[in-house]
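Structural characterization, general
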Amino acid sequence: MRCKERAELPGVLVKAASVRCGEPLHDGWVRCDLAAHEDGDHFGLVDSLHRGHALWAKWGDGDVELVEQPDCDVAQPAPARDGCCLFARHQGGHTWEAGGEGR
Ligand SMILES: [Zn+2]
Ligand SMILES: [Zn+2]
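So, a few notes on the structure that sits alongside this text. Each chain has its residues counted from 1, following the order in which its sequence is written. For naming, the first written chain is A and the first written ligand is 1, with later ones following in the order written. With pLDDT at 70 or above as the cut-off, local features in this predicted model cover only qualifying residues; side-chain atom pairs require 80 or more to be listed or tallied, and sums for whole chains, interfaces and linings still use all residues. Side-chain descriptors were evaluated using all non-hydrogen atoms of the structure, hydrogens and water having been removed beforehand.

The donor set covers N, O and S atoms within 2.8 Å of the metal, switching to 3.2 Å for Na, K and Ca, and it leaves out water, so a site may look short of donors. Around the zinc ion (ligand 2), the protein supplies Cys72 (SG), Cys84 (SG), His90 (NE2) and His94 (ND1) as donor atoms, at distances of 1.9 to 2.3 Å. Between the 4 donor atoms coordinating the zinc ion (ligand 2), the angles at the centre fall across 95 to 118 degrees, so the site counts as tetrahedral. The sequence pattern formed by the donor residues of the zinc ion (ligand 2) is C-x11-C-x5-H-x3-H. In this pair, Cys72 sits in the segment after strand S5 (65-70) while Cys84 sits in the segment after S5, placing the two residues 12 residues apart along the sequence. All geometry calls rest on donor angles, where a four-donor set with angles between 85 and 135 degrees is tetrahedral, four- and six-donor sets with opposite donors more than 155 degrees apart and all others between 65 and 115 are square planar and octahedral, and all else is irregular. The secondary structure listing takes helices from DSSP runs of H or I that are at least 4 residues long and strands from runs of E that are at least 2 residues long, numbered from the N terminus.

Given below as structure tokens:
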């Protein structure tokens, strides 16, 4: 199960993210990409950056922030070897553990 929380980036962050990513974002909506969780902040992928890093929107009780995070490099064991689509040291399961929902 994937977390169902969504957040909308304020216009100033949409602009900042568009500059960081080198192309305009379609809109400011992000959905949390973590496995369903009770605690901690939500993280939604905004866009990939340079190799091995991505720009994430992070939100909890307060405002949405932009954070740059290195990619999670834990891959599924052979033979599947799917990569994880989250960032390093994320909480919860890797995306390849989520069971195909939404991917
Ligand atoms: Zn979440
Ligand atoms: Zn992972």
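Attention now goes to the coordination of the zinc ion (ligand 1). Looking at the zinc ion (ligand 1), one finds its protein donor set to be Cys3 (SG), Cys32 (SG), His37 (NE2) and His42 (ND1), positioned 2.0 to 2.3 Å from the metal centre. Mapped onto the sequence, the residues coordinating the zinc ion (ligand 1) show the spacing C-x28-C-x4-H-x4-H. On the criterion of sequence distance, the pair formed by Cys32 in the loop between strand S2 (29-31) and strand S3 (42-48) and His42 in strand S3 is long-range, its members being 10 residues apart.

Before going further, it helps to spend a moment on the sheet that holds S3. A pair of strands is labelled paired if DSSP reports no fewer than 2 bridges between them. Reading across the sheet, the 3 strands line up as S3-S4-S5 and stay open at both edges, with antiparallel pairing between neighbours. Both outer strands of the open sheet, S3 and S5, are each paired with one neighbouring strand and no more. Direction aside, neighbouring strands of the sheet carry axes that sit 35 degrees apart on average. The pairing of S3 with strand S4 (residues 53-59) spans 6 bridges and is classified as antiparallel. Bridging from a neighbouring strand, His42 pairs with Trp59 of S4. Note on definitions: angles span 0 to 180 degrees between N-to-C directions of axes, and those axes are lines fitted to C-alpha atoms, for helices only across the stretch in contact.

Turning to the environment of His53, a few remarks are in order. In this structure, His53 sits in strand S4. Given the relative accessible area of 26%, His53 is considered partly exposed. For the pair formed by His53 and Glu68, sequence separation is 15 residues and the distance between their alpha carbons is 6.8 Å. Two residues qualify as a contact provided that any one of their heavy atoms is within 4.5 Å of a heavy atom in the partner residue. Ignoring any residue separated from it by four or fewer positions in sequence, one finds His53 in contact with Ser48, Glu68, Gln69, Pro70 and Asp71. Burial classification: accessible surface area is computed with a 1.4 Å probe over protein chains only, and a residue below 20% of its type maximum counts as buried, one above 50% as exposed, and the rest as partly exposed.

This brings us to unusual backbone geometry. The omega torsion of the bond from Ala78 to Pro79 falls at 5 degrees, within 30 degrees of zero and hence cis. Structurally, Pro79 can be placed in the segment after S5. Residue Arg81 is not a glycine yet carries a positive backbone phi of 55 degrees. Along the polypeptide, Arg81 turns up in the segment after S5. The class for Arg81 is exposed, based on a relative accessible area of 58%. For Arg89, which is not glycine, the phi dihedral falls at a positive 60 degrees. Within the secondary structure, Arg89 is located in the segment after S5.

In short, the description is geometric, and any link to function would need to be established separately.
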